[in-house]
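Listed below, chain by chain, are the residues.
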Amino acid sequence: MNKETLLKKLEEDMRGDKSLSLQESNLVFGEGDADSPVLFIGEAPGLTENTQKRPFVGRGGQLLNSMVQSISWKREDVYITNIVKRRPPDNRDPLPEEIAVYRPYLKKQIEIINPKVIVTLGRFSMNYFLPNAKISKDQSKVFRIGNRLIVPIYHPAAALRSTQVMNEFKASFQKLPKIVEKADEMLAKSKSKLKTS
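Residues numbered from 1 in each chain as written. Predicted model: local features only at pLDDT ≥ 70, side-chain atom pairs only at ≥ 80, totals over all residues. Heavy atoms only, no water.

Visitor: Just checking my understanding: could you explain the overall build of the protein chain for this structure?
Guide: When its secondary structure is counted, the protein chain shows nine helices and seven strands. Put simply, the protein chain has 197 residues, and 51% of those count as buried. Summarising the internal contacts of the protein chain: among those between residues at least 6 apart in sequence, 73% fall at separations of at least 24. One way to put it: in the protein chain the 33 positive side-chain charges average out to a point 5 Å from where the 23 negative ones average out. (Helix = DSSP H or I, 4+ residues; strand = E, 2+ residues; numbered from the N terminus. Buried < 20%, exposed > 50% of the residue type's maximum accessible area, 1.4 Å probe, protein only. Contact = heavy atoms within 4.5 Å. Lys, Arg positive; Asp, Glu negative; His and termini not counted. Charge placed at Lys NZ, Arg CZ, Asp CG, Glu CD.)

Visitor: How should the pairing of strand β4 (residues 117–121) be read in this particular structure?
Guide: Both faces of the sheet carry side chains from a regular strand, because those side chains alternate between them. Within β4, five of the five residues are buried, which leaves it mostly tucked inside the rest of the structure. Burial of the side chains of β4 extends over both faces: V117, V119 and L121 are buried on one face and I118 and T120 on the other. Here strand β2 (residues 38–42) runs beside β4; their pairing, made up of four bridges, is parallel. Note that in β4 the partner of F40 across the bridge is V119. Here β4 pairs with strand β6 (residues 148–153) via five bridges, running parallel. Its bridge partner being in β6, V117 is matched across the sheet by L149. (Pairing = 2+ DSSP bridges.)

Visitor: Explain the packing of helix α1 (residues 3–16) against helix α4 (residues 96–113) here, please?
Guide: At a closest axis distance of 10 Å, the pairing of α1 and α4 adopts a crossing angle of 170 degrees. Relative to α4, α1 is oriented roughly antiparallel. Residues K3, L6, L7, L10, D13 and M14 of α1 form the contact with α4, whose own contacting residues are Y102, Y105, K108, Q109, I112 and I113. Of the residues assigned to the contact of α1 with α4, the class counts are eight nonpolar, one polar and three charged. (Axes fitted to C-alpha atoms, helices over the stretch in contact; angles between N-to-C directions. Parallel < 35°, antiparallel > 145°, perpendicular 65-115°, else oblique. Nonpolar A, V, L, I, M, F, W, Y, C, P; charged D, E, K, R; others polar.)

Visitor: Would you take a moment to explain the packing of helix α3 (residues 59–70) against helix α8 (residues 163–181) for this structure?
Guide: Helix-helix packing is characterised by the crossing angle of the two axes and by the distance between the axes. Contact geometry of α3 with α8 gives a least axis separation of 9 Å together with a crossing angle of 40 degrees. By the angle class used here, α3 and α8 are oblique. The two elements α3 and α8 cross, and the hand of that crossing is right-handed. From α3, L63, L64, M67, V68 and S70 reach across to α8, where they touch M166, F169, K170, F173 and Q174. Counted by class, the contact of α3 with α8 contains seven nonpolar, two polar and one charged residues. (Left-handed = near helix turned anticlockwise from the far one by under 90°.)

Visitor: It is not clear to me how the environment of N65 should be interpreted in this structure. Could you clarify?
Guide: Within the secondary structure layout, N65 lies in helix α3. Judged by its relative accessible area of 24%, N65 is partly exposed. In sequence terms N65 and F143 are 78 residues apart; their C-alpha atoms lie 24 Å from each other.

Visitor: Please clarify how the environment of V101 should be interpreted in this entry.
Guide: Tracing the backbone shows V101 in helix α4. Taking relative accessible area as the criterion, V101 reaches 27% and is therefore assigned partly exposed. The spacing of V101 and P152 is 51 residues in sequence and 22 Å in space, taken between C-alpha atoms. Excluding anything up to four places from it in sequence, V101 contacts S19, L20 and S21.

Visitor: Help me understand unusual backbone geometry in this model?
Guide: What is expected of a backbone is that most residues other than glycine have negative phi and most peptide bonds are trans. One non-glycine residue, L22, lies in positive phi territory at about 65 degrees. Located in the positive-phi region is S140, a residue other than glycine, with phi close to 75 degrees. Residue placement: S140 occurs in the loop between α6 (135–138) and β5 (142–145).

Visitor: It is not clear to me how the environment of Y105 should be interpreted in this structure. Could you clarify?
Guide: Of note, Y105 is situated in helix α4. The spatial distance from the C-alpha of Y105 to the C-alpha of V84 is 9.4 Å, given a sequence separation of 21 residues. If we ignore the near neighbours within four places in the chain, the residues touching Y105 are L10, D13, M14, D17 and L20.

Take a look at the structure:
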């Protein structure tokens, strides 16, 4: 089975799994190129995402799109998803138990896509992979977990609320093409933290 078929099956499995929390919201599984070397992961869908059943389509998503374009990529050429696949009420932060219940599905989704680089958007997504990391200190650094690079970046919604965060967010994005280009070389190194700038 190809990646698209495997992802479709995983999405159907999630739709049928009534034990998953936040059942009152729509499933927002993810979208993009399943063969992309880059996977963007946010925290959870918001109101617009819940309505359209697509990740990152609100104001934060528009910023994400423009940043992707600013480095000469296209949204449809990367894959975008969230750690929690349904919207928490009132756009609150996802709870630890919600993150935990969606974890097996995200794990499987990552295995199918098999990206070289995972760009985490915001602290919840970052802490899923790097529990002790701090977004203000560790954003734009490159970490290695297994055979993947993890690059934490601020969430687009946070960038929209602060000029300083926006500037750092933009600077972090400009580093992504080089990180992806050098991913194989970086993965050949044995250190867990590969670079600090």
